[in-house]
Amino acid sequence: MTSDAVASRPRRTPKAGRDLPKAISVGVGLLVLVGASLAFRPEPFVLLATAAVGAALWELKQAFLRRDIHLPLLPLLVGAVGILVSSYYSGPEALMVSFVLTVAGVVVWRVIDGSGTAAVRDAAAGTFATAYLPFMAGFVMMMLANPVNGRIQVLLFILLAVSNDVGGYVAGVLFGRHPLAPSISPKKSWEGLAGSFVLATAIGVVGAVYGLGVSPVIGVLLGVMVPLTATVGDLAESMIKRDLELKDMGSLLPGHGGILDRLDSMLLTAPFVYLLLSVSL
C-alpha cells in the first residue's frame, strides 16, 4: 500500500471517545491534589471539596440556562459552604438542618426576585441542586470527621470511585460488546460494568484489610456496591445531559469534561459508603 493511500485513509476515532493522554494526566493530577489535601490534616480537603461543589453548582447553573431555568446561585453557594462545614463539624443532624435552611433560602431568594410559574420552576431546580450536590457531598464530610481513620475512609471512597471508572473504561474498550443502557449512555457496556466490579472489589478488599483493619468481607461489599451506585449516578447525569442536549457539563477538566462529570458517580455513592462504614467500624 502506498504512502498516499495510507495518508488518505480516514483516521479512526478512538472507541473510548476521549483524549486518553490528556485524560490520564488530568486524572493523575487530581489524585495527587486529593492525596496532598488529605496528607496531614482534614481541613484542606474540606476546602477542596467545597471548591469542587461550588464549581459544579456553577456548571449546573450554566447548563440549566439552556432550558431557561435560572438557579439562584448565591444562596446555593452560601448554603453549600454551610452544609459541608456543618456536616464535618457536627454530623448528621447538622447536615439535615443546613440542608433545610439552604432550601428555604433558595426558595425565599427566588420568590423575592419574582413569583409565578418561573419562580416555582427555578425554586424546584434549586432544591434539586442542593440535594444533588452539597447534601450528597456532606456524607463525605462525615466520613472525614471520623477521628480514628476519617482521612483513610475518604481516600478509600475516592479510590473506589476511580477504580470503578478505570475498570469500566478498560474492560469496556477491550471487551465491550453488549450495551448497558444504549438510549442513555451508548458507550457503557455490561462488560465494562463487570470490569468495574473486578477492580473495585480488589481495591475494596485491600483498603478494608490494610487501610481500615477490618474484614475483607467489608471490602467485597464495597466492591459490589460502589459500581452499582456509581453507575446509577453516572446514568442519571447522562439523562440530564441528554435532556439538556449537552455532551459534557463543562470544560474545566481537559479530557474529562466538567467538574460535575467527575463527581456524578461519587455523589450517589457517598451516602451508601458512609452508611456501610458507619455500621462496620
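Notes on the structure in this doc start here. Just so it is clear, the structure is predicted and the values come from calculations on it, not from any experiment.

**Description of the overall build of the protein**
Assigned secondary structure in the protein consists of ten helices and two strands. Taken from the N to the C terminus, the helices and strands of the protein come in the order α-α-α-α-α-α-α-β-β-α-α-α. The C-alpha atoms of the protein give a radius of gyration of 20 Å, which matches the 19 Å a tight globule of 281 residues would have. Its C-alpha atoms give the protein principal-axis dimensions of about 70 × 50 × 30 Å. Out of the 281 residues in the protein, the part that is buried amounts to 47%. Sequence separation of at least 24 residues holds for 71% of the intrachain contacts in the protein that already meet a minimum separation of 6.

**Some remarks on the pattern of salt bridges**
On inspection of all chains with the given rule, the structure shows eight salt bridges. As a salt-bridge pair, E43 and R41 come within 3.0 Å of each other at their nearest N and O atoms. We classify R41 as exposed; its relative accessible area is 51%. One salt bridge connects R121 with D122, and the closest N-O pair in it is separated by 3.8 Å. With relative accessibility at 1%, the residue D122 sits in the buried group.

**Things to note about unusual backbone geometry**
The backbone phi angle of D68 is positive, close to 60°, even though this residue is not glycine. Within the secondary structure, D68 is located in the loop between α3 (43–64) and α4 (73–90). On the basis of relative accessibility, which here comes to 45%, the residue D68 falls in the partly exposed class. Not every positive phi belongs to a glycine, and E245 is a case in point at roughly 60°.

**A few points about the side chain of T231**
Among the structural elements, T231 can be located in helix α9 (residues 216–244). Taking relative accessible area as the criterion, T231 reaches 14% and is therefore assigned buried. A polar contact of 2.6 Å, which involves the side chain of T231, links it to the backbone oxygen of P227. Excluding its chain neighbours within four sequence positions, the residues that come into contact with T231 are N164, L180, L193 and V226.

**Quick word on the packing of helix α7 (residues 150–175) against α9**
One can describe the packing of α7 onto α9 by two numbers: an axis separation of 10 Å at closest approach and a directional angle of 65°. On the basis of the axis angle, α7 is roughly perpendicular to α9. Judged by the sense of rotation from one axis to the other, the crossing of α7 with α9 is right-handed. Across the interface between the two elements, L156, L160, A161 and N164 from α7 touch L222, V226, P227, A230 and T231 from α9. Per-class residue counts for the contact of α7 with α9 are seven nonpolar, two polar and no charged.

**Focus: the pairing of strand β2 (residues 185–189)**
When strand β1 (residues 179–181) meets β2, the two strands line up antiparallel, connected through two bridges. In the strand pairing of β2, A181 is matched with S185. Taking the residues between adjacent antiparallel strands as the criterion, β1 and β2 are bridged by three residues.

**As for α9**
For α9, spanning 29 residues, the distance from its first C-alpha to its last is 42 Å, which sits close to the expected 42 Å at 1.5 Å a residue. The opening residue of α9 is S215, an N-cap whose side-chain oxygen sits 3.1 Å from the backbone nitrogen of V217. Immediately downstream of α9, the backbone of E245 shows phi near 60°, a positive value.

**Concerning the side chain of S189**
With respect to the secondary-structure elements, S189 resides in strand β2. Within the structure, S189 has its side chain in polar contact with the backbone nitrogen of G192 (distance 3.0 Å).

**Some details on the packing of aromatic side chains**
Enumeration according to the criterion identifies six aromatic pairs in this entry. Taking 4.9 Å as the distance between ring centres and 50° as the angle between the ring planes, the aromatic pair formed by F99 and F135 counts as tilted. One end of the pair, F99, is in helix α5 (residues 92–113); the other, F135, is in helix α6 (residues 117–144), and 36 residues separate them in sequence. Judged by centre distance (5.2 Å) and plane angle (20°), the ring pair of F128 and Y132 falls under stacked.

What counts, and where the lines are drawn
Numbering of residues starts from 1 in every chain and runs along the sequence as written. Restriction of local features to residues with pLDDT of at least 70 applies here, the model being predicted, together with a cutoff of 80 or more for giving and counting side-chain atom pairs; totals for whole chains, interfaces and linings are based on all residues. By convention in this description, side-chain values take in all heavy atoms of the structure and omit both hydrogens and water. Secondary structure elements are defined from DSSP: runs of H or I of at least 4 residues count as helices, runs of E of at least 2 residues count as strands, and each element is numbered from the N terminus. Put simply, the radius of gyration uses C-alpha atoms, and a globule should come to 2.2 Å times the residue count raised to 0.38. With a 1.4 Å probe rolled over the protein chains alone, any residue whose accessible area is under 20% of its type maximum counts as buried; one over 50% counts as exposed, and the rest are partly exposed. In this analysis, two residues are considered to be in contact whenever any of their non-hydrogen atoms come within 4.5 Å of each other. Criterion for a salt bridge: a side-chain nitrogen of Lys or Arg within 4 Å of a carboxyl oxygen of Asp or Glu. Polar contacts here mean pairs of N or O atoms no more than 3.5 Å apart (in protein, one a potential hydrogen donor and the other a potential acceptor; neighbouring residues in sequence count only if both atoms are side-chain atoms). To obtain each axis, a line is fitted to C-alpha atoms, and for helices this fit is confined to the stretch in contact; angles are then taken between N-to-C directions over 0 to 180 degrees. Should an angle fall under 35 degrees it is taken as roughly parallel, and over 145 as roughly antiparallel, whereas 65 to 115 is taken as roughly perpendicular and any remaining angle as oblique. Note on convention: the crossing is left-handed when the near helix lies turned anticlockwise from the far helix by less than a right angle, right-handed when the turn is clockwise. When residue character is reported, Ala, Val, Leu, Ile, Met, Phe, Trp, Tyr, Cys and Pro are called nonpolar, Asp, Glu, Lys and Arg charged, and the others, Gly included, polar. At least two DSSP bridges between two strands are required for those strands to pair. Here the expected span of a helix is defined as 1.5 Å times the quantity of residues minus one. Each aromatic pair joins two rings of Phe, Tyr and Trp (for Trp, the six-membered one) with centres within 6.5 Å, and gets the label stacked for planes under 30 degrees apart, edge-to-face for over 60, and tilted for any other angle.

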